[in-house]
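# Commentary on secondary and tertiary structure
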Amino acid sequence: MKNQMQAEAAGTAIAGHGLDWPHLFATRAERMKASEIRELLKLLDQPDVMSFAGGIPDPALFPVAAFGTALTAALSGDSKGAALQYSVSDGYRPLRDWLVTRMASLGVPCTTDNIMITSGSQQALDYLGKLFLSKDDTALVGWPTYLGALQAFNAYEPNYDRLTPLGNRSAADYSHTAETKGGKVKFAYASADFANPTGETLPRSARENILDLAHELDIAVIEDAAYQSLRYDGDEVPPMLALDIARTGSIEATRTVYCGSFSKTLAPGLRVGWVCAAKPVISKLVLMKQAGDLHSATLNQMAIHTVASDGFEAQMAKIRQTYRARRDAMLAALAKHMPDGVSWTRPDGGMYIWLTLPEGFDGAALLAQSLKTERVAFVPGRAFFADGSGANTLRLSFSCASEATIEEGIKRLGRVVRGG
Ligand code: PMP
């Protein structure tokens, strides 16, 4: 008994009480932590909570019948066995061919060899972290940026510096900062269209600035295009990869790695995304994929290919109409119910609106209060900042709520903010 108490006090383990694991873990595991927000968000399962927290598509919009037909077809006829068999690491060739046409329509002429299929674009972010970041290297990211990108990159023990697309910091300044931290700047990561969490789109000039900076620093650009197809207003802006090709003449001469996804358009549960980049990058990523998971699920890639080839644009028209109305409802409700001093973004697409509250507000405390008194959920903004700043910000998602829920939920949130 005494031994047991001593062992517990010292944080070590004895038989029957589990091993003392942390000292066995690699240093990279230290930066993998569950966030307090995730704990709070567990409460969302309760049916009376109005949630603007989840960054997920509305399942009512999934093309379920089309997938039913596509899956049945993949499992019958000539390709019966193939759909359940191992397949190549770079991905199902007909899907990669379809993506060549899709990328060309976005101003990105490329070949099938410039495309690798990934298990969601999240896997691409992990592999790109693995490919580019040695410990103490620097990744340039937005302030705020996609939390999942920080989580993917964190495993490779980088430092972060703030990417300012308005071009007000010099390349020399960035590299000096990175060197003082013991590494080099390796890439700039940005979501150019309807970013998570802000919903903002980078104007063409900002995309050009990022490419200029990347050129001066001789680094890669990671373009996260997860939301690119979800445009509700305004003209399309060419992807950074297209602008890079316009400068350099060919995808092989570019430094931009484009990460696409079918998650927000067709079905996130099938975990199908893609990377489009110069061949040397794709070749390395294919080797990582071989080591990582061999390949993405063959059946899923076949089904995505069938559904995308038969009706991608029709599916997009349906989604855009629904999400546009929800975005409009949320913007109208915010204008009606938020007190002075609160500002928010007006996104042309995507799923998110980003709120900035007056200084002194704490998003996490506000969430706890909001869940208690008004049963409304959102994501406090701090988690999206690499330096843990941004306490007075929060992310609202309009993708899964009806217009009536949005009006009522934002009215309640307005009350919480006034009370805070
Ligand atoms: N990038 C961004 C900006 C995202 O918001 C997400 C999902 N929330 C992803 C990448 C990953 O999505 P997936 O792996 O489903 O393609």
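Report follows, based on the coordinates.

### Some thoughts on the site of the ligand
Every residue close to the ligand is listed here: Gly120, Ser121, Gln122, Tyr146, Asn196, Asp224, Ala226, Tyr227, Ser261, Ser263, Lys264 and Arg271. Look at the ligand: alone it shows 400 Å² of surface, and the protein chains cover 91% of it. Looking at which element gives the most residues to the shell around the ligand, the answer is helix 5 (residues 120-132), with three residues. For the shell around the ligand, the per-class residue count stands at three nonpolar, six polar and three charged.

### A closer look at the nonpolar core
Ranked by size, the top nonpolar core spans 109 residues in total, and within it Met103, Phe153, Phe262, Cys276, Leu396 and Ile410 carry the most contacts. Looking at this core element by element, the count peaks at 13 residues for helix 11 (residues 298-337). Residue-level mapping places this core at the junction of two domains, with at least three residues from each of domain 1 (27-62 + 314-419) and domain 2 (86-309). If sequence neighbours within four positions are ignored, Cys276 has contacts with Met103, Val108, Cys110, Asn114, Ile115, Leu241, Ile251, Thr256, Val257 and Tyr258.

### So, the pairing of strand 4 (residues 159-162)
Of the strand pairs in this sheet, strand 3 (residues 138-141) and strand 4 are connected by four bridges, and their pairing is parallel. Note that in strand 4 the partner of Thr138 across the bridge is Asn159. On the question of chirality, the crossover connecting strand 3 to the parallel strand 4 by way of helix 6 (residues 147-154) is right-handed.

### A word on the sheet that holds strand 12 (residues 379-380)
Across the sheet, four strands lie side by side as 9-10-13-12; this open sheet has antiparallel pairing. Edge positions in the sheet fall to strand 9 (343-344) and strand 12, since each of these pairs with one other strand and no more. Both strand 10 (residues 352-356) and strand 13 (residues 393-397) contribute to a ladder of five bridges, which runs antiparallel. Of the residues in strand 13, the one forming a bridge with Tyr352 is Ser397.

Definitions and cut-offs
- Residue numbers here run from 1 along each chain, matching the order of that chain's written sequence.
- In keeping with the model being predicted, local features are shown solely for residues with a pLDDT of at least 70 and side-chain atom pairs are shown and tallied solely at 80 or more, while totals for entire chains, interfaces and linings include all residues.
- Water and hydrogen atoms play no part in the side-chain values, which are based on all heavy atoms of the structure.
- Throughout, the term near means that a residue has one or more heavy atoms lying within 4 Å of the molecule or strand in question.
- Here the accessible surface of atoms and residues is derived via Shrake-Rupley with a 1.4 Å probe, and residues count as covered only by protein chains that are part of the display.
- Numbering goes from the N terminus for both helices and strands, where a helix is a DSSP run of H or I of at least four residues and a strand is a run of E of at least two.
- Three classes are used: nonpolar for Ala, Val, Leu, Ile, Met, Phe, Trp, Tyr, Cys and Pro, charged for Asp, Glu, Lys and Arg, and polar for all others, with Gly counted as polar.
- Definition used in this section: a nonpolar core is a set of buried Ala, Val, Leu, Ile, Met, Phe, Trp, Tyr and Cys residues joined via side-chain atoms within 4.5 Å.
- Note on exposure labels: buried denotes an accessible area under 20% of the residue type's maximum, exposed denotes more than 50%, and partly exposed covers the range between, all computed with a 1.4 Å probe on protein chains only.
- Where each domain begins and ends follows an automated or database-derived domain assignment.
- Pairs of residues are marked as contacts when any of their non-hydrogen atoms sit within 4.5 Å.
- Here a strand pair is declared whenever DSSP counts at least two bridges between the two strands.
- Think of it like this: strands point away, you trace from the first strand over the helix to the second, and a clockwise trace means the crossover is right-handed.

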